[in-house]
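Letter by letter, the chains look like this.
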Amino acid sequence: MQVTTLVQQNLLNTDLLGQSLGRFYSDQIVEEDYSKMDIGITWSDMLSVKNKKIDNQHKWLVENINKFLIAMIEGEGLNKIEEMLDKLGEYVLFHFSDEEKYLESINYPKLEEHKKVHINFVDELGDLKAVLLEQGPSPELAIVLQEKVSLWLINHITVTDMDYRHFFENQK
């Protein structure tokens, strides 16, 4: 139920971005303050895997994905956007490595499957970077990133990562 709420929030955010983009391209030019819009993901305890280190890393990812989306929508230059995406990509690798070490330490039986999910996401980020470099930053691409990256992260934490949380809690 709570996961559905997060996904619905994210889809609503995507819709709001699309509406703002529509106003931008229509006859009426509307100045939006995107920094005050509900863009990206809002952290809540339902995203907690009950591991302080991993939760803090997830919070960093949420915060920086949100900053990245705002920069895209506000029309930041390609160099800054690319730098932010590179920083996100580097942190994702760091986080996945830490998370996989943790899973190994608790003898998580689905570790190899979890690693494959991580590899697929890293590949997806590479594909998105290629699109960014080819097309440049735009509100339209921000909407695609909102859908792909934010929804992926919500799903990954609330389904895949929660599985290891429950595994760990049941080991006690």
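A brief report on the enclosed structure follows. Keep in mind the model is a prediction, meaning the values are calculated, not measured. (Residues numbered from 1 in each chain as written. Predicted model: local features only at pLDDT ≥ 70, side-chain atom pairs only at ≥ 80, totals over all residues. Heavy atoms only, no water.)

So, about the overall build of the protein. For the protein, the count of helices and strands is five helices and zero strands. Scanning the protein from its N terminus toward the C terminus, one meets helices and strands in the order α-α-α-α-α. A burial count over the protein gives 42% of its 172 residues as buried. Sequence-distant contacts, at least 24 apart, represent 77% of the contacts inside the protein between residues at least 6 apart. Accessible surface computed for the protein: about 9,500 Å², of which carbon and sulfur atoms make up 52%. (Helix = DSSP H or I, 4+ residues; strand = E, 2+ residues; numbered from the N terminus. Buried < 20%, exposed > 50% of the residue type's maximum accessible area, 1.4 Å probe, protein only. Contact = heavy atoms within 4.5 Å. Areas by Shrake-Rupley, 256 points an atom, 1.4 Å probe, with all protein chains shown as cover.)

So, on to the packing of helix H2 (residues 52-73) against helix H5 (residues 139-171). Running from N to C, H2 and H5 cross one another at 170 degrees; their axes reach a closest spacing of 9 Å. For the element pair H2 / H5, the angle class is roughly antiparallel. Residue-level inspection shows Ile54, His58, Leu61, Val62, Ile65, Phe68, Leu69, Met72 and Ile73 of H2 in contact with H5, the latter providing Pro139, Leu141, Ala142, Leu145, Gln146, Val149, Ser150, Leu153, Ile157, Asp161 and Tyr164. Looking at side-chain class alone, the contact of H2 with H5 contains 16 nonpolar, three polar and one charged residues. (Axes fitted to C-alpha atoms, helices over the stretch in contact; angles between N-to-C directions. Parallel < 35°, antiparallel > 145°, perpendicular 65-115°, else oblique. Nonpolar A, V, L, I, M, F, W, Y, C, P; charged D, E, K, R; others polar.)

For Lys50, which is not glycine, the phi torsion reads 65 degrees and is therefore positive. Position of Lys50 among the secondary structure elements: in the loop between helix H1 (2-25) and H2. Here the phi dihedral of Asn107 falls at roughly 55 degrees; this positive angle occurs in a residue that is not glycine. Here Asn107 lies in the loop between helix H3 (78-105) and helix H4 (111-135).

If you look at the biggest cluster of nonpolar residues, it comprises 38 residues, and the most contacted ones within it are Phe68, Met72, Leu103, Leu145, Val149, Leu153 and Tyr164. Elements with a minimum of two residues in this core: H2, H3, H4 and H5. Looking at this core element by element, the count peaks at ten residues for H5. In contact with Met72, other than residues within four places in its own chain, are Ile81, Leu132, Pro137, Ser138, Pro139, Leu141, Ala142 and Leu145. (Core = buried A, V, L, I, M, F, W, Y, C linked by side-chain atoms within 4.5 Å.)

Turning our attention to the packing of aromatic side chains. Going through the model one piece at a time under the given rule, you end up with nine aromatic pairs. Judged by centre distance (6.3 Å) and plane angle (70 degrees), the rings of Phe96 and Phe121 are edge-to-face. With Phe96 in helix H3 and Phe121 in helix H4, the pair connects residues that are 25 residues apart, well separated along the chain. For the pair Phe96 and Phe121, a shared accessibility class is recorded, and that class is buried. (Phe/Tyr/Trp six-rings, centres within 6.5 Å; stacked < 30°, edge-to-face > 60°.)

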